[in-house]
Amino acid sequence: MGRAKKVVLAYSGGVDTSVCIPYLKHEWGVDEVIAFAADLGQGDELEPIRLKALDAGASQSLVGDLIEPFVEEFALPAIRANALYEGRYPLSTALARPLIARSLVEVAREVGADAVAHGCTGKGNDQVRFDVAIASLAPHLKVLSPAREWRMSREEAIDYGERFGIPAPVSKKSPYSIDLNLLGRSIEAGPLEDPMVAPPEEVFAMTASVDASPAQAQEIEIAFDAGNPVAIDGVRLDPVDLIKEANRLAGEHGFGRLDIIENRVVGIKSREIYETPGLLLLIRAHQELESLTLAADVLRSKRQLEMQWADLVYQGLWFTPLKDALDGFMDRTQSHVNGLVRIRLHKGNATMIGRSSSTNSLYLPDMATYGSKDNFDHSAAEGFIYIWGLPSRLWAAARRD
Ligand code: ARG
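Figured I'd write up the structure that's included with this text. Predicted, not measured: the structure shown is a model, and the values here were computed from it. (Residues numbered from 1 in each chain as written. Predicted model: local features only at pLDDT ≥ 70, side-chain atom pairs only at ≥ 80, totals over all residues. Heavy atoms only, no water.)

1. With respect to helix 2 (residues 46-55)
Here is the rule: Only protein chains enter the calculation, and the probe is 1.4 Å; a residue is then buried if its accessible area is under 20% of its type maximum, exposed if over 50%, and partly exposed in between. Numbered from the N terminus, helices here are DSSP runs of H or I no shorter than four residues, and strands are runs of E no shorter than two. Arc definition: it is the arc formed by the directions from the helix axis to the C-beta atoms. Should any heavy atoms of two residues lie within 4.5 Å, those residues are counted as being in contact.
Where helix 2 is concerned, the buried positions are Leu46, Ile49 and Ala53. Burial along helix 2 is one-sided: seen end-on, the buried residues are contained in an arc of 60°. Buried residues along helix 2 sit against helix 1 (15-26), strand 2 (32-39) and strand 3 (60-65).

2. What to know about the side chain of Ser186
The residue Ser186 is located in strand 7 (residues 184-188) in this model. Residues contacting Ser186, with those up to four places away along its chain left out, are Thr93, Ser177, Ile178, Asp179, Ile273 and Tyr274.

3. Remarks on the packing of helix 3 (residues 67-80) against helix 9 (residues 277-293)
Cut-off, in case you're wondering: Lines fitted to the C-alpha atoms define the axes, with helices restricted to the stretch that makes contact. Angles between their N-to-C directions range from 0 to 180 degrees. We call two directions roughly parallel when the angle between them is under 35 degrees, roughly antiparallel when it is over 145, roughly perpendicular when it lies between 65 and 115, and oblique otherwise. When residue character is reported, Ala, Val, Leu, Ile, Met, Phe, Trp, Tyr, Cys and Pro are called nonpolar, Asp, Glu, Lys and Arg charged, and the others, Gly included, polar.
Where helix 3 contacts helix 9, the two axes come as close as 8 Å, and the packing angle between them is 40°. With respect to their mutual orientation, helix 3 and helix 9 come out oblique. Contacts between helix 3 and helix 9 involve Ala78, Ile79 and Arg80 from the former and Leu279, Leu282, Ile283, His286 and Glu290 from the latter. Residue composition of the contact of helix 3 with helix 9, grouped by class: five nonpolar, one polar and two charged.

4. Topic: the pairing of strand 13 (residues 339-346)
Under the convention used in this document: In this analysis, strands are considered paired if DSSP registers two or more bridges between them.
Residue alternation in strand 13 divides its side chains into a buried set, Gly339, Val341, Ile343 and Leu345, and an unburied set, Leu340, Arg342, Arg344 and His346. As paired strands, strand 8 (residues 218-225) and strand 13 are joined by seven bridges and run antiparallel to one another. Paired with Glu219 across the strands is Arg344, a residue of strand 13. Inspection of the sheet shows strand 13 paired to strand 14 (residues 349-356) by seven bridges, in the antiparallel sense. Paired with Leu345 across the two strands is Ala350, which belongs to strand 14. Connecting strand 13 to the antiparallel partner strand 14 that follows it, the hairpin turn spans two residues, and Lys347 within it adopts a positive phi of roughly 50°.

5. Details of the environment of Asp238
Here is the rule: The definition of a polar contact used here is a pair of N or O atoms within 3.5 Å, where within protein one atom must be able to donate a hydrogen and the other to accept one, and adjacent residues in sequence count solely through side-chain atom pairs.
With respect to the helices, strands and loops of the structure, Asp238 is situated in the loop between strand 10 (235-236) and helix 8 (239-252). Owing to a relative accessible area of 40%, Asp238 belongs among the partly exposed residues under this scheme. Measuring from C-alpha to C-alpha, the distance between Asp238 and Glu72 comes to 9.9 Å, with 166 residues separating the pair along the chain. Engagement of the side chain of Asp238 in a polar contact is seen with the backbone nitrogen of Val240, the distance being 3.0 Å.

6. Considering the sheet that holds strand 4 (residues 115-117)
Within a sheet, neighbouring strands are paired by backbone hydrogen bonds and run either parallel or antiparallel to one another. Reading across the sheet, the five strands line up as 3-2-1-4-5 and stay open at both edges, with parallel pairing between neighbours. The sheet is open, and its two edges are formed by strand 3 and strand 5 (142-144), each paired on a single side. Strand-to-strand twist across the sheet, computed as the mean angle between neighbouring axes with direction ignored, equals 25°. As paired strands, strand 4 and strand 5 are joined by three bridges and run parallel to one another. Note on strand 5: the bridge partner recorded for Ala115 is Lys142. Set on the sheet, helix 1 makes contact with strand 1 (6-10), strand 2, strand 4 and strand 5; between it and strand 1 the angle comes to about 165°.

7. Quick look at the sheet that holds strand 14
The sheet built from five strands is open, its strands ordered 10-9-8-13-14 with antiparallel pairing. Both edges of this open sheet fall to strand 10 and strand 14, since each of them pairs with a single strand only.

8. Here we look at unusual backbone geometry
Although it is not a glycine, Arg151 adopts a positive phi angle of roughly 55°. With respect to the helices, strands and loops of the structure, Arg151 is situated in the loop between helix 6 (146-149) and helix 7 (154-163). Given the relative accessible area of 75%, Arg151 is considered exposed. Within the chain, Asp233 stands out as a residue other than glycine whose phi angle is a positive 50°. Mapped onto the elements of the fold, Asp233 is located in the loop between strand 9 (228-232) and strand 10. Judged by its relative accessible area of 42%, Asp233 is partly exposed.

9. Let's talk about the site of the ligand
The test is simple: The rule for a residue being near a molecule or strand is that one of its heavy atoms must lie within 4 Å of it. A 1.4 Å probe and the Shrake-Rupley method give the accessible areas. Residues count as covered only by the protein chains that appear here.
The full set close to the ligand counts 15 residues, and Tyr89, Asn125, Asp126, Arg129 and Glu262 are the nearest of them. In this structure, Asn125 approaches the ligand through a side-chain N or O atom, which is 2.7 Å from an oxygen atom. A distance of 3.1 Å separates a nitrogen atom of the ligand from a polar side-chain atom of Tyr274. For the ligand, whose free accessible area comes to 350 Å², the fraction covered by protein is 86%. Put simply, the parts of the chain that give the shell around the ligand at least two residues each are helix 5 (126-137), strand 6 (177-181), strand 7 and strand 12 (269-275). A per-class count over the shell around the ligand returns four nonpolar, four polar and seven charged.

10. Observations regarding the pattern of salt bridges
We count it as follows: For this analysis, a salt bridge means a side-chain nitrogen from Lys or Arg found within 4 Å of a carboxyl oxygen belonging to Asp or Glu.
For the structure shown, the criterion picks out 23 salt bridges. Two residues, Arg80 and Asp331, come together in a salt bridge whose shortest N-O distance is 3.7 Å. Linking Arg80 in helix 3 with Asp331 in helix 11 (residues 321-334), this pair joins segments that are 251 residues apart in sequence. Close ionic contact of Arg148 with Asp131 constitutes a salt bridge, the shortest N to O distance being 2.9 Å. Here Arg148, found in helix 6, pairs with Asp131, found in helix 5; they are 17 residues apart in sequence, far enough to count as distant. One network of salt bridges, with partners in common, ties together Arg97, Asp126, Arg129 and Asp179.

This is the structure in structure tokens:
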């Protein structure tokens, strides 16, 4: 098969992507592998990772600081769209893929590469997301996915890497497959493959267990401006710092763990553990403020389109005309979503306990009150209900049985 000469590889520093470097060169005859590592706020030190790619035989090793575009262009839209795949998973891994794909394409253009590559396996969602995003941005660019084709077990991949000076992972015994970035962690495999086995405490890193979380509840306030979170407890923060702070607060109180059976794009069910404390907290708070500030019918339509938005992101269809059109709808609604949400964090829970909007509240006290200031026209309800119930009344009267 006609392979490439110069390839830009999405590089994480893990076994699979490291083994991709010698594999591309020695098995597939690639002359030059350029490693590209994305900083998405995963907290790893990128310099050792950059050097590791060179040790593995990369001719160049680049690091892209993508944390700001990740938050601005991917995390904030997901919050505005209340994006929860299958009603639960806030897409912490999925959201990173189109951005990494876009960066790979940019680097490939800069260095004049004739292909890009990734280390995804053949049964996950990430391969779909990379391949489809790259195809949407650069339809003629070749995408190589050695790990999908090499048919090596993890042990064999480690052995293969060792032949080319790639050290076996320190945590050779860790049975878990983990993906992480600023928005959260996903943990799969090992004992978790039995859906009846509870996740051991050791798999979590961003959230405290309920037992270890503070006995004392903490109340916080999150401010939103045009659907974007902008301040916590009155302190304005840039979006990256805001998500870090939301992670810290929610994580400390043990909020943001998920244990779900999820339907993958490739047709299988998988058991997934996630911890996405800040993102989940911000979505919950954002939903709460929308309930105060959006018209009932807009809100209902938006809830349906949110599901579709989340499906598109999960399924790798970020750079598509439908996604673009849905973004238009989301953005148009968000100019109204301004105000404050009060939340109580306690023992694994984030309870919405207050909401206000000085500019966009549709909650009208003189309509809602049961007190003496009530301006709702009670007598108008009678005629309304007569007409509203008319079809039911006519149907019942016409029934012969
Ligand atoms: N199931 C999740 C998703 O599709 C997590 C994927 C984790 N990816 C990984 N390379 N470990 O978004």
